[in-house]
Amino acid sequence: MVVTRFAPSPTGYLHIGGLRTALFSYLWARKNNGKFLLRIEDTDKQRNSEEAAQKILEAFEWLGLNSDEEIVYQSQRDEIYKKYIDQLLREGKAYYCYMTKEELDKLREEQQARKERPHYDGRYRDFTGTPPEGVEPVVRIKAPTSGTIVVDDGIKGHIEFKAEDMLDDFIIARSDGSPTYNFVVAIDDALMGITDVIRGDDHLSNTPKQMVVYEALGFEIPKFYHVPMIHNAQGKKLSKRDGATDVMEYKRMGYLPEALLNFLVRLGWSHGDQEIFSLEEMQQLFDPKDINKAASIYNTEKLDWLNAHYIKNSPNERLEKLLEEDFDLVLASHDKKEILLDALKERAKTLAELATMAKEILEAPSEYDPKAVKKAFKGDAKEILEDFKTTLQTKENLHLPVDYHDVMEKVVKKREIGFGKIGQPLRVAILGKLGGPGLDVVMAILGKEETIKRIERALKNIEH
Ligand code: GLU
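These numbers come from a predicted model, not from an experiment. (Residues numbered from 1 in each chain as written. Predicted model: local features only at pLDDT ≥ 70, side-chain atom pairs only at ≥ 80, totals over all residues. Heavy atoms only, no water.)

## Notes on the pattern of salt bridges
With the rule as written, the count across this model stands at 39 salt bridges. Two residues, Arg 47 and Asp 44, come together in a salt bridge whose shortest N-O distance is 3.6 Å. With a relative accessible area of 30%, Asp 44 lands in the partly exposed category. Between Glu 456 and Lys 389 there is a salt bridge, with the nearest N and O atoms lying 3.3 Å from each other. Residue Glu 456 is located in helix α19 (residues 439-461), and its partner Lys 389 is located in helix α16 (residues 381-394); the two are separated by 67 residues in the primary sequence. On the basis of relative accessibility, which here comes to 12%, the residue Lys 389 falls in the buried class. (Salt bridge = Lys/Arg side-chain N within 4 Å of Asp/Glu carboxyl O. Buried < 20%, exposed > 50% of the residue type's maximum accessible area, 1.4 Å probe, protein only. Helix = DSSP H or I, 4+ residues; strand = E, 2+ residues; numbered from the N terminus.)

Structure below.
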């Protein structure tokens, strides 16, 4: 069975890069009818916060990427790690190192002076003497001193790490007994039964170390997939400005979870030239072997385009709920909300934009855009508006956009003018500016009474 995991460190928010590898891991598990697990890597007590962990889980809930088992917290597993440290010490695969910080610094300096890579020189590896007094030792693992460690990466292919270039006997427990990062990751992945580790390629250099731990403990080594980073349009590492921000920020900006997931799956993975993927489709089609070897490029327009697609295809009921929850737009009792949502969901790239457009219709203009007034209120504009208003007043049973369109048409025909001649001043009168959705739609949403009220106000207040 394929078991994957996502293992965030709660040092900050969940960002888009992390979420993407989480999605890949989730999809790969689903595709294989396997399991996707979550592990919170909260061993760094100085940098971790419970609040951050909570926020990460909140983001997962929003996106519907649920863990198939109870979430594992590294901070609760000290006993387990200790057991394995003791085991390695007992078996002679790890040892106490009594080097002081001063000694280590001195060694580094000497190595640097000789233009060598700073590294631990193994001086306690085979130490049998009496330990120096007053030094709390660290525990180091016996790493291979020669040869290569091969990572057969599912994306990058065959990668060789020369042991002497990078491994040393790295520390697995600090002098206070606390286990180190690579040690606990390897143990947890093994104990959680992880078969496929999909993570950012910024972790690639950790992999040989983790493999040393696997070997020492006799655990089976999982398959690794190191996913290339996401870059911005300038080919640089993604910064806060271009999207490497809290995933929940996307919710606040009015993106739908399925749009974000669809956007993410295409960052580095493709299936022909298909752009739109439902979650079910992603689950069927995703295969990490199709992940691109090059970095992917973050592109906001693509995200907007996908979001617009998903907004357009969302039932009004759902949009209404989200608009109320996230954008304080309450449409519940509005009798024309269907017309409103039908019209605006065709045009909005985000829910925030949809909410703004809706408010611009529902709230009477507090001012009239002077440029639009200048453009629209020329010649007999006011007379035309009067005429329209009077015609409207005589009509009953105005419900749909087409009913209002008919009234406009009537006036246009009678006065033998083009639609623009009535449309422009009417738009300014009703919305305060040019642009926006069809006027017939806007009037149908507002209803006869409000439309007349706004026209009267404009006639009174706009001078030309
Ligand atoms: N905790 C690590 C991080 O947040 C991920 C570890 C891993 O995927 O192996 O970057």
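Next comes the rest of the account.
## Here we look at the pairing of strand β6 (residues 148-153)
Successive side chains on a regular strand alternate, one facing one side of the sheet and the next facing the other. Here β6 shows a clear split, with Ile 149, Val 151 and Asp 153 buried on one side and none of Thr 148, Val 150 and Asp 152 buried on the other. Here β6 runs beside strand β7 (residues 157-162); their pairing, made up of six bridges, is antiparallel. By the bridge assignment for β7, Val 150 is matched with Glu 160. What sits between the antiparallel neighbours β6 and β7 is a turn of three residues. (Pairing = 2+ DSSP bridges.)

## Let's talk about the site of the ligand
The full set of residues close to the ligand is Arg 5, Ala 7, Pro 8, Ser 9, Glu 41, Tyr 181, Val 185, Arg 199 and His 203. At 2.5 Å, a side-chain N or O of Glu 41 approaches a nitrogen atom of the ligand. At 2.7 Å from an oxygen atom of the ligand is found a side-chain nitrogen or oxygen belonging to Arg 199. Look at the ligand: alone it shows 300 Å² of surface, and the protein chains cover 80% of it. A majority-of-atoms criterion places the ligand in the largest pocket. Its residues assigned to classes, the shell around the ligand shows four nonpolar, two polar and three charged. (Near = heavy atom within 4 Å. Polar contact = N/O pair within 3.5 Å; in protein donor to acceptor, adjacent residues only side chain to side chain. Areas by Shrake-Rupley, 256 points an atom, 1.4 Å probe, with all protein chains shown as cover. 1 Å grid on protein atoms, 1.4 Å probe; cavity = no way out; pocket = protein on both sides within 12 Å on 5 of 7 lines; lining within 4 Å. Sits in = over half its atoms within 2 Å of the grid points. Nonpolar A, V, L, I, M, F, W, Y, C, P; charged D, E, K, R; others polar.)

## Quick look at a negative patch on the surface
A cluster of like negative charges, contributed by Glu 317, Glu 338, Asp 342 and Glu 346, occupies part of the molecular surface. Here Glu 346 shows up in the loop between α13 (337-344) and α14 (351-362). For Glu 346, a relative accessible area of 48% gives the class partly exposed. (Patch = residues over 30% accessible without salt bridge, like charges linked within 9 Å, V, L, I, M, F, W, Y side chains within 5 Å. Lys, Arg positive; Asp, Glu negative; His and termini not counted. Charge placed at Lys NZ, Arg CZ, Asp CG, Glu CD.)

## What to know about the environment of Gly 435
Counting through the fold element by element, Gly 435 comes out in the loop between α18 (419-431) and α19. Along the sequence, Gly 435 and Lys 337 sit 98 residues apart, while their C-alpha atoms lie 20 Å from each other.

## Re the sheet that holds strand β2 (residues 35-40)
Adjacent strands of a sheet pair through backbone hydrogen bonds, lying either parallel or antiparallel. Spatial strand order, β1-β2-β3: three strands in an open sheet with parallel pairing. One side of each edge strand has no neighbouring strand; the edge strands of this open sheet are β1 (3-6) and β3 (72-73). With two bridges joining them, β2 and β3 adopt parallel strand pairing. Considered in β3, the bridge of Ile 40 is made with Tyr 73. Helix α1 (residues 16-31) contacts β1 and β2 of the sheet and is inclined by roughly 165 degrees relative to β1. (Contact = heavy atoms within 4.5 Å. Axes fitted to C-alpha atoms, helices over the stretch in contact; angles between N-to-C directions.)

## Thoughts on the packing of aromatic side chains
All told, the structure shown has twelve aromatic pairs when counted by the stated rule. Taking 5.2 Å as the distance between ring centres and 90 degrees as the angle between the ring planes, the aromatic pair formed by Phe 263 and Tyr 298 counts as edge-to-face. Taken as a pair, Phe 263 in helix α9 (residues 257-265) and Tyr 298 in the loop between β12 (296-297) and α11 (300-312) lie far apart in primary sequence, 35 residues in all. Of the two residues examined, Phe 263 and Tyr 298, each falls in the buried class. Between Trp 269 and Phe 286, the ring centres sit 5.6 Å apart and the planes meet at 45 degrees, which makes this aromatic pair tilted. Within this pair, whereas Trp 269 is found in the loop between α9 and α10 (279-285), its partner Phe 286 is found in the loop between α10 and β12, the two being separated by 17 residues in sequence. For Trp 269, a relative accessible area of 1% translates into the label buried. For Phe 286, a relative accessible area of 0% puts it in the buried group. (Phe/Tyr/Trp six-rings, centres within 6.5 Å; stacked < 30°, edge-to-face > 60°.)

## Some thoughts on the packing of helix α3 (residues 78-90) against helix α6 (residues 181-191)
It is at 11 Å that the axes of α3 and α6 come closest, and there the two elements cross at 105 degrees. Overall, the two elements α3 and α6 adopt an arrangement that is roughly perpendicular. Only Phe 183, Val 184, Ile 187, Asp 188 and Leu 191 of α6 make contact with α3, whose side of the interface consists of Ile 80, Tyr 81, Tyr 84, Ile 85 and Leu 88. Of the residues in the contact of α3 with α6, the class split is nine nonpolar, no polar and one charged. (Parallel < 35°, antiparallel > 145°, perpendicular 65-115°, else oblique.)

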